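# Summary of structural features
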Amino acid sequence: MKPHLIALDLDGTLLNDKKVISEKTLATLKQAESEGHQIMIATGRPYRSSEVYYRQLGLKTPIVNFNGAFVHHPNDRSWKTVHETIDLTVAKEVIDAMQDFNLKNIVAEVKDDVYLHYHDEKLLDIFSSGSPNIQEGDIRQYLQVNPTSLLIQGGEGMADPIRKHLEEVHAEVIEHRRWGAPWEIVEVIRHGLNKAVGISKVSEWIGIPQERIIAFGDEDNDLEMIDYAGIGVAMGNGIDQLKSIANEVTLTNNEDGIAIMLQERLNLKTS
């Protein structure tokens, strides 16, 4: 069988609800790689909190982070790193506008630097993974460079109104996606970026055509990737919108959905 590029979202997809890769899925991916297929990660996470899974899988491919805003190869310096940021002026305009909403917090990330608008132990626990530099206080005062992403945490029921404002006022300069339940978080990156853009660069570099890309996802930020891939696969736990555009729907992230689908599609023989 000709080599395929297997692109994997992390949370809700490759990772089960305990945030681990199951033994069956890990064995299946290792088998796929041994038979000539290429495996990569495409996630909204920064690299610092996805590196552990990259290393566990023993990957030799570039990785897509921040939903396509940062693409690099951890092991090959010949790969030209992509880091597309939000203009600082635009970021501060968005932060200013958010003060009119019922807001819990705003987080700005510049690769491995994290800025929290307000102190929040739960968010600190999430963003401290990988030991980033963390600055707390008014982001408009402390942020001096173009951010990789903004995360806007609204109060209950505020995600949709926030996204409506962003669409009406900033649609030409930013993209926005919503985090999965229970978070009321809207993620903002530079306009024109998504996981599909990053995957297309990797597939071109590897030499595997679009029709032989198999992509797995479950959420709002996977829509472009699933639509772009020759075989777009929605997880059983995925949102309905994603399932409606996917070529296939597999079992959930807790039922080895990736392993089951790949064993069948690629005719993998695993023990």
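Quick look at the structure, then. From a predicted model like this one, the values you see are computed outputs, not experimental measurements. (Residues numbered from 1 in each chain as written. Predicted model: local features only at pLDDT ≥ 70, side-chain atom pairs only at ≥ 80, totals over all residues. Heavy atoms only, no water.)

## With respect to the packing of helix α3 (residues 88–98) against helix α6 (residues 159–170)
Defined as follows: Axes, fitted as lines to C-alpha atoms, cover a helix only where it is in contact. Angles between the N-to-C directions of the axes lie from 0 to 180 degrees. Numbering of helices and strands runs from the N terminus; a helix is a DSSP stretch of H or I covering at least four residues, while a strand is a stretch of E covering at least two. For classification purposes, angles smaller than 35 degrees are called roughly parallel, those larger than 145 roughly antiparallel, those between 65 and 115 roughly perpendicular, and all remaining angles oblique. Rotating anticlockwise by less than a right angle from the far helix to the near helix defines a left-handed crossing, while the corresponding clockwise rotation defines a right-handed one. Contacts: residue pairs with any heavy atoms within 4.5 Å of one another.
Contact geometry for α3 and α6: axes closest at 12 Å, N-to-C directions at 135°. On the basis of the axis angle, α3 is oblique to α6. The two elements α3 and α6 meet at a crossing, and its hand is right-handed. On α6, the residues touching Glu 93, Val 94, Ala 97 and Met 98 of α3 are Ile 162, His 165, Leu 166 and His 170.

## Things to note about unusual backbone geometry
Of note, the phi angle at Asp 256 is positive, near 60°, even though the residue is not glycine. Note that Asp 256 resides in the loop between β14 (248–249) and α10 (257–265). Phi angles above zero are rare outside glycine, and Asn 267 is one such case at about 55°. The residue Asn 267 is located in the segment after α10 in this model.

## Let's talk about the packing of helix α1 (residues 23–34) against α10
Close contact between α1 and α10 brings their axes to 8 Å; oriented N to C, the two are set at 35°. Relative to α10, α1 is oriented so that their crossing is left-handed. Of α10, the residues touching α1 (which contributes Lys 24, Thr 25, Thr 28 and Leu 29) are Ile 258, Ala 259, Ile 260, Leu 262 and Gln 263.

Shape is all these values report; function is a separate question.
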